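For reference, the chains in residue letters:
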Amino acid sequence: MTSDEIRKHLEISIVTVRKDIHRSQLKDEATFSEDLGFDSMGLVALASEMEKRFGRSLPLAQWLESRRNQALSLGSLIQFLEDALK
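Remember, predicted model here, so these are calculated numbers, not experimental data.

### Some words on the overall build of the chain
Then step 1. The helix and strand tally for the chain stands at four helices and zero strands.
Then step 2. Along the chain, helices (α) and strands (β) appear in the sequence α-α-α-α when read from the amino end.
Then step 3. Taken over C-alpha atoms, the radius of gyration comes to 12 Å for the chain, in line with the 12 Å a tight globule of 86 residues would show.
Then step 4. Over its C-alpha atoms, taken along the principal directions, the chain stretches across nearly 30 × 25 × 20 Å.
Then step 5. Out of the 86 residues in the chain, the part that is buried amounts to 36%.
Then step 6. Taking as baseline every contact in the chain between residues at least 6 positions apart, the subset at least 24 positions apart corresponds to 56%.
Then step 7. As presented, the chain carries roughly 5,200 Å² of accessible surface, and 50% of it is formed by carbon and sulfur atoms.

Dropping the structure here:
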């Protein structure tokens, strides 16, 4: 799956879960909590929506663990999924 395909699926998942977010806000440096307003329950809903959209289970717990002391950005999730979906 290409980076563009991952980004498209992820963007659709985000705006499905958070209808108040516009695609123009979805930049690589946007953080899920501060910039996009996701709390822990929102991230759970996003994970579920992403798994439906991608049609498979995703190792999102690994992404969260790898970013434990860092910002959870859209770009970091795209990069993680690129590596995980090879």
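### Observations regarding the packing of aromatic side chains
Then step 1. In the structure shown here, the tally under the stated rule is two aromatic pairs.
Then step 2. Ring geometry for Phe 32 versus Phe 38: centroids 5.7 Å apart, planes at 70°, classification edge-to-face.
Then step 3. Taking the relative accessible area as the measure of exposure, Phe 32 reaches 1% and is therefore buried.
Then step 4. Classification of Phe 38 as buried rests on a relative accessible area of 4%.
Then step 5. Between the aromatic rings of Phe 32 and Trp 63, the centroid separation amounts to 5.8 Å while the plane-to-plane angle is 80°, which identifies the pairing as edge-to-face. With Phe 32 in the loop between α1 (3-17) and α2 (40-54) and Trp 63 in helix α3 (residues 60-66), this pair connects stretches of sequence that are 31 residues apart. For the residue pair Phe 32 and Trp 63, the accessibility class agrees, reading buried in each case.
Then step 6. The rings of Phe 32, Phe 38 and Trp 63 are connected pair by pair, giving a single aromatic cluster.

Calculation notes
Residues numbered from 1 in each chain as written. Predicted model: local features only at pLDDT ≥ 70, side-chain atom pairs only at ≥ 80, totals over all residues. Heavy atoms only, no water. Helix = DSSP H or I, 4+ residues; strand = E, 2+ residues; numbered from the N terminus. Rg over C-alpha atoms; globule rule 2.2 N^0.38 Å. Buried < 20%, exposed > 50% of the residue type's maximum accessible area, 1.4 Å probe, protein only. Contact = heavy atoms within 4.5 Å. Areas by Shrake-Rupley, 256 points an atom, 1.4 Å probe, with all protein chains shown as cover. Phe/Tyr/Trp six-rings, centres within 6.5 Å; stacked < 30°, edge-to-face > 60°.

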